[in-house]
Amino acid sequence: MLRPALLRVTVAIAAASVLAAAAGTASAMNSPPAVAPSASLCPPPAKPGRPVALGTAEWNGWGRDGANTRYQPEPALRATDVRKLRLKWAYALAPAASYSQPTVIGGRVFVTTSSGWVYSLAARSGCTHWALNMAVPIDTPVVFGAIGKPVLVKRRWWRSRLHNAHIPVIEPPSAVVFGDTAGNVYALDAERGTLLWKVALGARSNAAVSGAPAVFNGRVYVPLTAFGTGRGAVASLDLATGALLWRAQLPHSAAVATDGLGVSGTPTIDARRQLLYVADRAADSVVALNLADGRALWVAAVPQTPRPGGNPLPAAKPVARARAPRGNPPVLQSLPDGRQVLLLANADGVNYALDPDRRGALLWQTRVLAGAGGADWSNAADHRKVYVAASDRHPRAGSQNALLAALDIATGRVLWRKPLAPKCRGPAGACEPEQAHAVTVIPGIVFSGSVDGHLRAYSTIDGLPIWDYDTGRGVRTLNSGTVRGGSLGRDGPAVVDGVVYVDAADRGAHGKAAGVLLAFSVADK
């Protein structure tokens, strides 16, 4: 007889196989992973059926929060303790071309792979709650959402007085949502891994889900990248049912007469103004959509004329096009005085701040890299600085291959700039020296990884290195013996409850990678 935990994994994989067959794809059971999720099963829960619940200091989706700040204000990890970080556990992931950033919610870590696997692991121990294969490539992190609101448990008044330190609630069911490269969106029960719904958004438009969806007030907002001549779009779905509420095509930019080819990265939620911000990759613009119905309220084209020395610029009409990054969504952050700014960077090494109260008017722009390169993946911002990792893909004499910089988010002034020297790993020509990892910041520390496989921590005060770990070393995993990491690109680390989570891959010469999910903590944690 199967143990209960093994039964949960088996049922989840079987459910995914039925889903794949219904979609006309190969069965997940016909393509087993190279590693066994069942090798590290979690014990049965003491209280089965309890929904996974969102806490106050989690890491949800790409940017941790709806504003895509990638800033964890409550990491339960002091800056002075970062140099004490040690490997806590390692989990081998099925071979794939890419792995998503971990989402850490309610004591669980959710991660996906481009080979179609979705994992739910215990955050503290790394054991497997469930794992399933959707039989289609998945290129986005999952995002968590509660289906409904918590319900207060009614108690008699004398019991309430005895237990007034804790008000019991019944948590609503919850889901993890993600998309695939065929334009399908899925919602799985976060606790069990069973399918709640599936919606095909790309069947007629030849579109793929191009970033982690965003969840807000019971709705899912899905970014879509169209292939060929189609324009990018955003779709809004009901979180509980998957019903399509609206679908908005990106408009033509007022400054650039080019159809958008897709939305760059995760949509950014502006709860104060009830807006959704998306980056149009081809029209080099930020588009503000109404959360309720998807109407485009304004389009701000991004200029490319920074003054020497990185001085802030007044608002001005754009005079040239900038190359938008591959997956760098707008960051919405608040200044100490309460004002808000939209921060973004492009693939030419230029960073910008826009005013969301003035239809995206330009506040400042600053170039941080002198060569022909820039930021491909997300920056991170606290309430005073934005932290930028940039790379020069075609280094020339006098230019820098890669750097990490901190800019004042109010003025764009460069506060510090540190040149880095990542080295390629693997066969000659298999990679370029890039600092292409999405940046993550906690109070006092900024984490940034590179293609050389090193995850490094730097001081937010002056950019000096604090901690360094080579993910290319072989590590003993919970489920598949010794596995080697080796390259950090795109998906940055997540920090929750004193633990730093990151995935790494030994990509080799053909892009197929053996991956490993690493968890680091201070020894006494």
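Scroll up a little and you will see the structure.
## Things to note about empty space enclosed by the protein
Here's step 1: Applying the stated criterion across every chain yields a total of three cavities of 30 Å³ or more.
Here's step 2: For the second largest cavity, the full set of lining residues is Asn 328, Pro 329, Val 331, Leu 343, Leu 344, Asn 351, Tyr 352, Trp 364, Asn 379 and Val 386.
Here's step 3: Elements with a contribution of two residues or more to the lining of the second largest cavity: strand S22 (340-345) and strand S23 (350-355).
Here's step 4: Each residue belonging to the lining of the second largest cavity can be placed in one class, and the counts come to seven nonpolar, three polar and no charged.

## Concerning the state of the cysteines
Here's step 1: Considering all chains together, one arrives at one disulfide under this definition.
Here's step 2: Put simply, Cys 42 and Cys 127 are joined by a disulfide, and their sulfur atoms are 2.0 Å apart. Measuring handedness by torsion sign, the sulfur bridge of Cys 42 and Cys 127 sits at about 100° and is right-handed. Placement of Cys 42 in the loop between helix H1 (4-22) and strand S1 (85-96) and of Cys 127 in the loop between strand S4 (117-122) and strand S5 (128-133) is noted, with a sequence separation of 85 residues between them. Assigned by exposure class, Cys 42 and Cys 127 land together as buried.

## Details of the nonpolar core
Here's step 1: Among the nonpolar cores identified, the biggest contains 23 residues, and Val 82, Leu 85, Phe 447, Trp 467, Val 500, Leu 518 and Phe 520 are the most heavily contacted of them.
Here's step 2: Looking at this core, the elements that each hand over two or more residues are S1, strand S31 (445-449), strand S32 (454-459), strand S33 (465-470), strand S37 (499-506) and strand S38 (513-522).
Here's step 3: A per-element tally of this core places S38 first, with four residues.
Here's step 4: Not counting chain neighbours up to four residues away, the residues in contact with Val 500 comprise Leu 77, Leu 85, Phe 447, Leu 455, Pro 493, Ala 494, Val 495, Leu 518, Ala 519 and Phe 520.
Here's step 5: The next biggest cluster of nonpolar side chains, apart from the first, holds 22 residues, and it includes Val 111, Ala 131, Val 499 and Leu 517.

## A few points about the packing of aromatic side chains
Here's step 1: As enumerated under the stated definition, the model contains twelve aromatic pairs in all.
Here's step 2: Ring geometry for Tyr 469 and Phe 520: centres 4.7 Å apart, planes at 70°, overall edge-to-face. With a gap of 51 residues between them, Tyr 469 in strand S33 and Phe 520 in strand S38 connect regions that are remote in the sequence. Each member of the pair, Tyr 469 together with Phe 520, is buried.
Here's step 3: In this structure, Arg 70 packs its charged tip against the face of Trp 62, placed 5.1 Å from the ring centre.
Here's step 4: A cation over an aromatic ring shows up here: Arg 473 above the ring of Tyr 469, its NZ or CZ 4.3 Å from the ring centre.

Rules and cut-offs
- Residues numbered from 1 in each chain as written.
- Predicted model: local features only at pLDDT ≥ 70, side-chain atom pairs only at ≥ 80, totals over all residues.
- Heavy atoms only, no water.
- 1 Å grid on protein atoms, 1.4 Å probe; cavity = no way out; pocket = protein on both sides within 12 Å on 5 of 7 lines; lining within 4 Å.
- Points joined across faces, edges and corners; volume = space filled by probe spheres on them.
- Helix = DSSP H or I, 4+ residues; strand = E, 2+ residues; numbered from the N terminus.
- Nonpolar A, V, L, I, M, F, W, Y, C, P; charged D, E, K, R; others polar.
- Disulfide = S-S within 2.5 Å.
- Buried < 20%, exposed > 50% of the residue type's maximum accessible area, 1.4 Å probe, protein only.
- Core = buried A, V, L, I, M, F, W, Y, C linked by side-chain atoms within 4.5 Å.
- Contact = heavy atoms within 4.5 Å.
- Phe/Tyr/Trp six-rings, centres within 6.5 Å; stacked < 30°, edge-to-face > 60°.
- Lys NZ or Arg CZ within 6 Å of the ring centre and 35° of its normal.

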